[in-house]
Amino acid sequence: MTNRGVYRVPIEIWEKYKTENTNELGEKEQGERLVKRFMARVETRVGSLLSGNRPANTIVEKTTHKITYPFYNFKNLLPDRNFIQIFGRRFEIDYSLNEGFKNLEMQVFVHEEK
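What you see is a predicted model; the values in this text were computed from it and never measured. (Residues numbered from 1 in each chain as written. Predicted model: local features only at pLDDT ≥ 70, side-chain atom pairs only at ≥ 80, totals over all residues. Heavy atoms only, no water.)

As for the packing of aromatic side chains
All chains considered together, the criterion is met by four aromatic pairs. Measuring from centroid to centroid gives 5.9 Å for Trp14 and Phe83, while their planes differ by 15°, and the two rings are stacked. Here Phe83 lies in strand S4 (residues 82-86) and Trp14 lies in strand S1 (residues 9-22), a separation of 69 residues in the sequence. As far as the burial class goes, Trp14 and Phe83 line up, both buried. A centroid spacing of 4.7 Å and a plane angle of 15° characterise the contact between Tyr95 and Phe109, whose relative ring orientation is stacked. Note that Tyr95 is positioned in strand S5 (residues 89-98) and Phe109 in strand S6 (residues 105-112), a separation of 14 residues in sequence. Overall, the relative accessible area of 26% leaves Tyr95 in the partly exposed class. Among the residues examined, Phe109 registers a relative accessible area of 10% and is labelled buried. Note that Arg90 overlies the ring of Phe83, its terminal NZ or CZ placed 3.6 Å from the centroid. (Phe/Tyr/Trp six-rings, centres within 6.5 Å; stacked < 30°, edge-to-face > 60°. Helix = DSSP H or I, 4+ residues; strand = E, 2+ residues; numbered from the N terminus. Buried < 20%, exposed > 50% of the residue type's maximum accessible area, 1.4 Å probe, protein only. Lys NZ or Arg CZ within 6 Å of the ring centre and 35° of its normal.)

Structure follows, in structure tokens:
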């Protein structure tokens, strides 16, 4: 059973999509729209976690935060289609885990876009 009291940070899931507008190269422009808002737990993943035996220039090396939320709040999260906003700050998704395929919590590893 999941302890819902640990989810204290409001997050927003956004979707990237192709619009009907085209640019000067004839490619469809990308739009963004808010999909869902809910509470999550946010943990920093920097410092000693990235030093040591981790190879450079990998997904793990650039990850800055881990966001955890109840699995069924948003289970179809895709790195190439979604991003997360927290207090107006944008986080790109590196990868996500459904630990042990238990469908209890989704763990999303992200890095902040500046």
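Here we look at the environment of Glu99
Along the polypeptide, Glu99 turns up in the loop between S5 and S6. Overall, Glu99 belongs to the exposed group, its relative accessible area being 52%. In this structure the C-alpha to C-alpha distance between Glu99 and Phe71, which are 28 residues apart in sequence, comes to 10.0 Å. When sequence neighbours within four positions are dropped, the list of residues in contact with Glu99 reads Glu105 and Gln107. (Contact = heavy atoms within 4.5 Å.)

Comments concerning unusual backbone geometry
Non-glycine residue Phe87 carries a positive phi angle of around 50°. For Phe87, the position within the fold is in the loop between S4 and S5. In this structure Phe87 comes out as exposed when scored by relative accessible area, which is 65%. One non-glycine residue, Asn103, lies in positive phi territory at about 60°.

Let's talk about the sheet that holds strand S3 (residues 65-70)
In spatial order, the strands read S1-S2-S3-S6-S5-S4; together these six strands close into a barrel with antiparallel pairing. Averaged over all adjacent pairs, the angle separating strand axes in this sheet is 45°, with direction ignored. (Pairing = 2+ DSSP bridges. Axes fitted to C-alpha atoms, helices over the stretch in contact; angles between N-to-C directions.)

A look at the pattern of salt bridges
For the coordinates displayed, the defined rule picks out 11 salt bridges. A salt bridge links Lys16 to Glu92; the shortest N-O distance between them is 3.0 Å. Here Glu92 lies in strand S5 and Lys16 lies in strand S1, a separation of 76 residues in the sequence. Glu92 matches Lys16 in its accessibility class, with the two residues each being buried. Taken together, the shared-partner salt bridges in this structure form one network comprising Lys16, Glu32, Arg90 and Glu92. (Salt bridge = Lys/Arg side-chain N within 4 Å of Asp/Glu carboxyl O.)

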